[in-house]
Amino acid sequence: MTRWGLAASLGLLACGERTEPLGAPARSSIVDLQGTPHDPLDPAVPGVAVLLFVSTECPISNRYAPTLRSLARQWVDDGVRAWLIYPDPDDDPAAIRAHQAEYSLSLPTVRDPRHVLVAQAGARVTPEAAVFGPGAVAAAYVGRIDDRVAERGKVRAQASAHELRDAVRAVRAGLAPAAAGGPAIGCTISDLR
Amino acid sequence: MSSDSWPRAALLAMSLAGSPSACGPDLPSRAEPATAPARDPAGGGTPAEPTVPVEPTFAAHVAAIVYTHCTPCHHQGGSGPFAFESFDDVADHATQIAEVTADKSMPPWLPSAGPGVFVGARTLDEVTRQTLARWVEQGAVPGDLNAAPAPSPPSGGWQLGPPDLVLSTGAPFELPADGTDVYRNFVIPAPPPSSPGSPRFVRAVEIRPGDPRVVHHGVLRVDLTGSVRHLDAQDPAPGFDGMVFAGARMPDGRFLGWTPGKRPSPGSDARAWRLVGDSDLVLQLHLRPSGKVEPVVAQLGLHFAARPPTLPALSMELSSSEIDLPPGASDVRVRDRYTVPVDVAIRSLYPHAHYLGRRIEAWAVLPDRTRRELLLIEDWDFDWQDEYRFVRPVRLPKGSTIHMEWRFDNSAQNPHNPSSPPRHVTYGPASTDEMAELILEVEPDDPRHLVALDEDFRRKWLGDQAALYQRLLRRSPDDPDVAANLGAFEQLRGNVDAAVAAYEHALGSDPDHLQANVELGIVRMGAGELSRAVWHLRRAVAVAPNEARPHLTLANALRKQGQPDEAIEHYRRALALDDGLSQAHNNLAITLEARGDLRGALRHFSRAVEHGPNTAVFAKNLARVRARLER
């Protein structure tokens, strides 16, 4: 592994603000379950941030709930901020609350109905994860959680590569994480209509 | 709702992202065109080849495709994720629909086109796939939604109508939130008939698996031996785990199962199967953890036939146990074959392998050397195993040979490989072992030939089993269980000398081996060597004083040896351990009758009939002793 762009990120931290392309949806469209704007990548908040793109309907995403719970427990101890991101505009707060109760998910949560975070992370499917270094605008890692889903519909008995876990460890250590060994497999995050 | 009410103007089945969803009503596998064939403009009357619409719209093209072949699974409460019941529903997932149909991961259908035409096939033609792809490329144009077809409402109740008998798996089984897939066998006792002695024949079974989002598929079998009850009792949760059926069989040769989206067959009286009193139905469900704990309760709806069947069937299982897969081996082949001794029709196929199966092929060679393809699966997927029922049964004349060739990939490149790194894998029933099976539902053209076909296939099967245990014994010569099992198969084949040699081999490793002592005792008894028989059976009783069967067998030998007092003692001990042993009641009664104790004999013949109502000799004995008492 090599050192990742620490200088660049420090520069961003110092700047403390972001530029958005003309016509891009506002970051204020990222809202928590009370409808209050809430940016998981707020540069004023220190530490590594992990965005976990999930959906209430996607069975692959749902099957990862126990894995996400387990990772999140570890990250709390490590000071890593993990967020559940619901990019489907049809996933309203009531559906998300019911979903989280059903699957015992209790992480901080935002909706991203205008796909601001989807675009910033480069996420394509649920479940997929993005890891951001402290204050970084660009994701240091984006991709699958692990290699358990080998192909669409083909699930291994157990994962042999735990890429998200390893990526978070790398970013915490100030290293560039390895790219995932394969694409994230899941439910496509549909283009907005 | 009948699947016949679904529009059939176009063909497509799809579902998304690896969920247990096999969509679409039962249709022949020949794909219909995405657009209705236009007449040849030259007026020749020949339909033109279907083409992809230049500007497909949801209303004019896509709705019919999706509602026909996706919505049967993808509806609220259906087995597939995402309800596709409106333009908005479909448009929200348009990109993925195009992806999964283009890469052919949906619809989930394993057989290659060509060899067989199967009921309920979920196949798409290229024009249909491209119609969807173009629709998405062009921005998922809705068209005139007022003119779009509407989806038929999903069936809420029993699809075959109210059943004559509804059975349930009972208390919920709690499927864990996480972990590997679960194979759970639920044991459902068949209730006795409403009027004793009147046979019941089942025309159709509709399986309602509970929440179809976690049930991947199900297979129903029937156990007449009582062995599954024993396994069920050993597991504190409802049912028991495992991929094998522990003695349960396809009832009267008929395949029964459930796959998402597959419509239950209404069956026919002619092909009904007998529901035997005191038997157990065994429903094996392949369950896929969903991320949360899920209670699983399934129901069976039985429809009885009005009359006994007239077209008997046989389930035949071609298989190979010669599976030896070194780690890294990417193309290992195993084969089996069987030559039918009478004219038959193959009605359905059920191929089976585990995670390392890669390619499977079945075919027949007719007596005139012509080859008839039966099934080809180029990319086997354990998760989508299914029954393939021919639209037109395959007729094979006497002397035709059915072949199977299974190919395995135990390399790290096989995404299904459950072991990382790959490990050495051999034949066995666990999911980390491998199997190669082709189960066929076969009907003899002449129903009178069923017995001959059954006996001929049984000889082949017993020979295969004996060969398997001979191989296992060469690998593990000190394993008394393997030697005893070899003895049992040789005994069933009628090879008494080979059976005795195998049992003695087992006793050489373990002189107290229960099965070997009991079975060798039985063999010696059959040969008239009563002293040697009694010696082995006494040893068996000493080894397992709390098991009923050794007492029963010893009692039989003692009775034949002319020691009725001790025989009676062991019959009574056997019955004290298991009062349901109808044979012990019967044999004790015979012994009592011979000594003149007619009332005691009457009591135990009555118990024998009670526990074994289908054994004619018990009833005959009971009638005789009754007549003697009346005199």
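Residues numbered from 1 in each chain as written. Chains lettered and ligands numbered in written order. Predicted model: local features only at pLDDT ≥ 70, side-chain atom pairs only at ≥ 80, totals over all residues.

(A) Quick peek at the overall build of chain B. Of regular secondary structure, chain B possesses 15 helices and 21 strands. For chain B, the C-alpha radius of gyration of 28 Å lies close to 25 Å, the compact-globule estimate for 631 residues. Its C-alpha atoms give chain B principal-axis dimensions of about 95 × 55 × 55 Å. The 631 residues of chain B split such that 46% are buried. A sequence separation of at least 24 residues applies to 74% of the contacts in chain B between residues at least 6 apart. (Helix = DSSP H or I, 4+ residues; strand = E, 2+ residues; numbered from the N terminus. Rg over C-alpha atoms; globule rule 2.2 N^0.38 Å. Buried ≥ 20, exposed ≤ 12 C-beta atoms within 10 Å, placed from the backbone. Contact = placed C-beta atoms within 7 Å.)

(B) Broad picture of the overall build of chain A. For chain A, the count of helices and strands is six helices and nine strands. Relative to its full complement of 193 residues, chain A shows a buried share of 43%. Here the contacts in chain A between residues at least 6 apart in sequence split such that 73% fall between residues at least 24 apart.

(C) View of the interface of chain B and chain A. The partner chain A presents 29 residues to the 30 residues of chain B that form the contact. A per-element tally of the side of chain B that touches chain A places helix α3 (residues 94–102) of chain B first, with five residues. By residue class, the composition of the side of chain B that touches chain A is 12 nonpolar, 11 polar and seven charged. (Nonpolar A, V, L, I, M, F, W, Y, C, P; charged D, E, K, R; others polar.)

(D) Representation of the sheet that holds strand β8 (residues 273–275) of chain B in the model. Residue and element names in this part refer to chain B. With respect to topology, four strands assemble into an open sheet ordered β1-β11-β4-β8, the strand pairing being antiparallel. Edge positions in the sheet fall to β1 (165–168) and β8, since each of these pairs with one other strand and no more. Taken pair by pair, the neighbouring strands of this sheet meet at an average axis angle of 50°, ignoring direction. For β1 and strand β11 (residues 299–304), the ladder comprises four bridges, and the chain directions are antiparallel. Looking across to β11, one finds that V166 is bridged to G301. (Pairing = 2+ DSSP bridges. Axes fitted to C-alpha atoms, helices over the stretch in contact; angles between N-to-C directions.)

(E) Fine view of unusual backbone geometry. Cis geometry is found at the peptide bond from M106 of chain B to P107 of chain B, where omega equals -5°. Relative to the elements of secondary structure, P107 of chain B occurs in the loop between α3 and α4 (126–137). Residue P421 of chain B follows S420 of chain B across a cis peptide bond; omega there is 0°. Mapping P421 of chain B onto the fold places it in the loop between β19 (401–408) and β20 (425–426). Positive phi, normally seen in glycine, also occurs at S104 of chain A, with a value near 55°. Examined against the element boundaries, S104 of chain A turns out to sit in the loop between α4 (93–102) and β3 (109–111). At H115 of chain A, a residue that is not glycine, the phi angle is positive and equals roughly 60°. One can find H115 of chain A in the loop between β3 and α5 (116–121). Assessed through the 22 C-beta atoms surrounding it within 10 Å, H115 of chain A is described here as buried.

(F) Structural detail: the nonpolar core. The biggest cluster of nonpolar side chains holds 75 residues, and the ones touching the most others in it are L281, L283 and L349 of chain B. If sequence neighbours within four positions are ignored, L281 of chain B has contacts with L167, I188, A190, L220, V222 and L300 of chain B. In terms of nonpolar packing, the next biggest core, distinct from the first, is built from 50 residues, L41, V54, A130 and V131 of chain A among them. (Core = buried A, V, L, I, M, F, W, Y, C linked by C-beta atoms within 7 Å.)

(G) Up close: the sheet that holds strand β17 (residues 371–377) of chain B. Residues and elements named next belong to chain B. Pairing within the open sheet is antiparallel, and its four strands lie in the order β14-β19-β16-β17. Because the sheet does not close on itself, it has two edges, and the strands there are β14 (332–339) and β17. Averaged over all adjacent pairs, the angle separating strand axes in this sheet is 15°, with direction ignored. Looking at chain direction, strand β16 (residues 357–365) and β17 are connected through six bridges and run antiparallel. Residue V365 lies in a different strand from β17, and its bridge partner there is R371.

(H) Representation of the pairing of strand β5 (residues 128–132) of chain A in the model. Residues and elements named next belong to chain A. For β5, the buried fraction is high: five of the five residues fall into the buried class. The two faces of β5 match: E128, A130 and F132 on one face and A129 and V131 on the other face are all buried. The pairing of strand β1 (residues 49–53) with β5 spans five bridges and is antiparallel. Residue pairing across strands places L52 opposite A129, the latter belonging to β5. Of the pairings in the sheet, the one linking β5 to strand β6 (residues 141–143) comprises three bridges and is antiparallel in character. From the neighbouring strand, A130 faces β6, where its bridge partner is V142.

(I) Geometry of the confidence of the model for chain B. Residues and elements named next belong to chain B. Taken residue by residue, chain B gives an average pLDDT of 88. The fraction at 70 or more is 92%. Across chain B, element-level confidence peaks in β19 with a mean pLDDT of 98 and bottoms out in helix α5 (residues 227–234) with 88. The complex model carries a pTM of 0.77, and its ipTM stands at 0.77. (pLDDT = per-residue confidence, 0-100.)

(J) Spatial organisation of the environment of L492 of chain B. You can see L492 of chain B is positioned in helix α7 (residues 480–493). Separated by 26 residues in sequence, L492 of chain B and A466 of chain B place their C-alpha atoms 9.7 Å apart.

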